Amino acid sequence: MRPRSSPGDAGPARTASANTPARQLEALHQGFRARLLPLLAESREATEAELRRLAAESPDDELAEALANAVVLQHDASRHQRGWEGHLAQGFAGWPTPPDAARLARGFALVSDGELHAQLIGQPAVEALERRFADVLGIIDGRLWSMAAALGGHARPVNPFAPRAVIDAFLETFSATECDPILRSALLRQYERLCGPRLLEAYAWLNTTLAEGGHALDGASGGAALVSQPVAGKGGQPAWAGHDALKPQASSWRESAPGAVEHGTGRRRILCDRLRAARGPEASARAASARDFSEQEFFSVLSLLQGNETPKQPVQVPGSIGVHLRDALRNGAEGLGLPADLAAPSPAQDDAIDAVGALFDGLRADAALSPDARGRLARLAWPWLRLALADPALFEDPAHPAMRLLSGLVACWDANLARSDDEAALHVLADGLADRVANDYHDDAGVFAAALEELDATRAPLERRAAISERRAWQSILGGERLQEARRDADAHLAARLGRAPLLVEVAGFLSGAWRQSLAMAWLRDGPGSARHGEALAVGDELLEIDAAAAAAEGRDVADRLIALGPQLRACLLAGGIADAGADEQLARLVAALARPDAPRMPAAFVPLAEPEEFDTSAGSVGDDAAAAVGQVLVRDAAGGEPPTWLRLAWTSPVTGRHLLVNRQGARTALIGPGELAAALAGAQLVARSAEGAAEAVLQRLAGPPAG
C-alpha cells in the first residue's frame, strides 16, 4: 500500500539525514502523532453510533447510560485530545534510556479496579495489533536500535511507536473515572478497529523515514537476514526489500518467484508453489524482450478494470475466474499501450493472480449462486487481487476481515432464492456491500472491516429471530417425543407384568389405567431409574403379589398388604385425574375383588398408550450422525428441476436421534430419522457447508490449514 502524503511528510523525509539523531527522533514523533490524530474523534463518533443502534434494538438502562456518557464526552473533546497527545509523548521522554527502577516497581504495585479493567480490555487489543504488524515492527525495532546506538544507548530500547504505546495512551485518556465499563470497552473496540489502517500507513512512513535517515537494521534483527544489501536513499534500492509487511508487491509475493529464497512455511507459499507447478513452464513462458510490469503500471491497469466492471454491466465469466483476470489484465494493458511483448506480469504478480483466481473459482464451484451473484463474485476478484498484493497475511489468517467478509457474502447468496422477506433482505445486503467494496477499495483496508461490521450488524437480528423460531420448534418436538417415550416405557413395563400370570379383571384394569399413567408421569418428571419411577414400579409389583396371595386364599396377608398399599393406590388414581369420590369407589371395587379367592382370573390384554414409531429405528440410533453438528448449514441439491434449498441442522433429539432441519427463518422444513442424515450426506442429496466459512474451506482444500 502506498502511504498517503501529509503536510509532515516532506520535512522529516528530506532533512532526516542532515539532522542529529535527537532531531530525527522528534521529527518521527511529530509525524507519527500527525498520522494518528483523527483516531480519537473517529472512535468517539463510531462508538456513539454503535450504542444508539444497540439501544434502539434492545432498550437497556446500562446502554442508555453509556450512550449518555458518550454524548457528554463530546464536550471535552479538546481536553481528551491534548491528554492523548501527552500520554503518547511520554514514551519519547528520555528515549532511548530504559524505564528506571521506580517506574518498573510501579508496574508491580497493587492496581485499582479501573486499572485492572484497563489491563483486561487493553491486553487483547495490544496483542491483536502486535500480531497484525509483527513483521514490520521487527524491522522498525532493528532500525530504532541503530538510532538508539547513535544517541548513546547501550541496551535495546522500548519502541515508543508500538501498539502498546498507542493503546495505553487511549486507556489513560479515557480513564475509568470518566467512562463506565460498557462505554470504555465500546470506545476501545472502535479505536482498535480504526487503528489498523492508520498504523499501516504510519509504520510504512516510519520505516521509510528511518531508512532514509541512514538507520540500518541491527545485526541481531530477524529482518536483517533478509536484507543483505545496504540501505539506500531515494532512487536506490527500496528500503522495504526483504520480508516486510507493508510493501508486499516488492517483497512478500516476490518471495514465491521461481528461484527466490523461500522464508517460512506459510500457507500462501504452499498455495503459490502448487499453483505454479500446475501452471507449468509453458504457461509461464514470457517473451525474451518483455519486462515486468512496474507497480504503478500494474495498479493502473487494475484500477481501470475494477472501475469498468460495474453492477450495471454484470460480468458473466463462464470459464475460470483466474483466466478471466489474466486475459482482462492483458487486454487492459494493451489498451494503455503496454502489449505483451513489451511488459507482462512479474512472477510475484502471476502468483497473486493464480491464488486469487483459484480462490474465487473454488467459491463459485462450491456455492449455489444465482447468475447475478455469480457476476458480482467475479467482479469482487479485482479488489481481492489488489489486497493480495498489499497484505501478505490475507491467505494466512482465517480471521482476516476480508476473508470473513467474503465468506459472509457467499453465505448470504448461497442457495438464496429470495422467497421470503428475510432472504430477499440478505441478498440485497450482500449485493450492496459487494458493490461498495468493488467501487471503494483503493488500498484502504478499512473498507473490508467496515463492510464486515455492517454485514454482521444487519444479520444479527435476523439470526436472533431465526434462533427463537428454531427453539420453539424443537421444544415442541422434544415435548412430544418425551411423552411418547414415557408412554412407550410404561407400555413395556405393563406388558412384562401382565404376561406373568392370569389376573383379576379389576387388577388388570388398575394396572392398565391408573398405574401405567402414574408410571409415565414419573418418567416425565424425574426420568427413568429415578426414585419416583422406582416407587411407581414397586406399587405395580406389590399389587401383583397381593393378587397372587388372594388367589391362594391368604386373606389375612392380603388385608394387611392392602392396608399398607392403600395410600399409594389412591395416589395413583388421583394423579390420573380421578376425583376423590371416584378414586374411593374404584379402590373399593378393587379391594372387594381381591377379597374373593374364587373370582375368575384370565390373561390380560391392553391397548398401547404410545403411538407407533414414525421412523425406522433400525436405521440408526442416537449418535449415528455425530459427524453432522448442530448449526451445520446444509444445501439440498437440486433434483427433478427443483432449485437448491438452504437448510440448517437446528437440533438433534437426545431421545430419538431425529434431526430438525430449518430454513433461514428458523421454520421447520424437515424432521429426518437417525441415520438418514448420514445417508443423505453420503449420497450427496445434502451437501454440508464448512463451519469455518466458504473462503477458508477453499483455501484449506487448495493449500491446507494455516500453520500454527
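Preceding this paragraph is the structure being described.
All values reported here derive from a predicted model rather than from experimental measurement. (Residues numbered from 1 in each chain as written. Predicted model: local features only at pLDDT ≥ 70, side-chain atom pairs only at ≥ 80, totals over all residues. Heavy atoms only, no water.)

This next bit is on the overall build of the protein. Secondary structure assignment for the protein yields 24 helices and 7 strands. Counting over 708 residues, the protein shows a buried share of 45%. A sequence separation of at least 24 residues applies to 74% of the contacts in the protein between residues at least 6 apart. Just so you have it, the protein exposes about 32,700 Å², and 56% of that area is on carbon and sulfur atoms. (Helix = DSSP H or I, 4+ residues; strand = E, 2+ residues; numbered from the N terminus. Buried < 20%, exposed > 50% of the residue type's maximum accessible area, 1.4 Å probe, protein only. Contact = heavy atoms within 4.5 Å. Areas by Shrake-Rupley, 256 points an atom, 1.4 Å probe, with all protein chains shown as cover.)

Another point: the sheet that holds strand β7 (residues 686-688). Pairing in this open sheet of 5 strands is antiparallel, and the strands run β6-β5-β4-β3-β7 from one edge to the other. The open sheet has two edge strands with one neighbour each: β6 (668-672) and β7. Averaged over neighbouring strand pairs, the angle between their axes works out to 35 degrees when direction is ignored. Examined bridge by bridge, strand β4 (residues 645-652) and strand β5 (residues 659-662) share 4 bridges and lie antiparallel to one another. Directly across from W651, in β5, lies its bridge partner L660. Packing against the sheet, helix α18 (residues 446-498) makes contact with β4, β5 and β6, and its axis sits at approximately 50 degrees to β4. (Pairing = 2+ DSSP bridges. Axes fitted to C-alpha atoms, helices over the stretch in contact; angles between N-to-C directions.)

This part covers the side chain of S653. Its location among the elements puts S653 in the loop between β4 and β5. Polar contacts involving the side chain of S653 include one to the main-chain amide nitrogen of V655, which spans 3.1 Å. (Polar contact = N/O pair within 3.5 Å; in protein donor to acceptor, adjacent residues only side chain to side chain.)

Below, the discussion takes up the pattern of salt bridges. A complete count under the given rule lists 41 salt bridges for this structure. Linking R276 and D351 is a salt bridge whose minimum nitrogen-to-oxygen distance equals 3.0 Å. In this pair, R276 sits in helix α11 (residues 267-283) while D351 sits in helix α14 (residues 347-366), placing the two residues 75 residues apart along the sequence. Here R276 and D351 have matching classes, each one buried. (Salt bridge = Lys/Arg side-chain N within 4 Å of Asp/Glu carboxyl O.)

Here L194 shows up in helix α10 (residues 181-212). Once the C-alpha coordinates of L194 and S43 are considered, the two residues, 151 residues apart in sequence, prove to be 7.2 Å apart. Residues within four places of L194 in sequence aside, it is in contact with L39, E42 and S43.

Relative to β6, β5 is paired through 4 bridges, and the arrangement is antiparallel. Bridge pairing in β6 places L660 opposite L671. In textbook terms, the turn of a hairpin is the stretch between consecutive antiparallel strands, and for β5 and β6 this stretch comprises 5 residues, one of which, G666, has a positive phi near 85 degrees.

Of all hydrophobic cores here, the largest spans 66 residues; its most connected members are L359, F360, L380, W384 and F395. In terms of residues, this core owes the most to one element, helix α15 (residues 371-390), which gives 12 residues. If we ignore the near neighbours within four places in the chain, the residues touching L380 are F360, L406, L409, W413, A434, V437 and A438. (Core = buried A, V, L, I, M, F, W, Y, C linked by side-chain atoms within 4.5 Å.)

A cis amide bond links W95 with the next residue in sequence, P96, at an omega value of 15 degrees. Here P96 shows up in the loop between α5 (77-89) and α6 (101-107). Its identity as a non-glycine residue notwithstanding, A415 has a phi of 50 degrees, on the positive side. Take A415: it is sitting in the loop between α16 (401-413) and α17 (421-440). Judged by its relative accessible area of 5%, A415 is buried. Not every positive phi belongs to a glycine, and A684 is a case in point at roughly 65 degrees. Positionally, A684 belongs in the loop between α23 (676-682) and β7.

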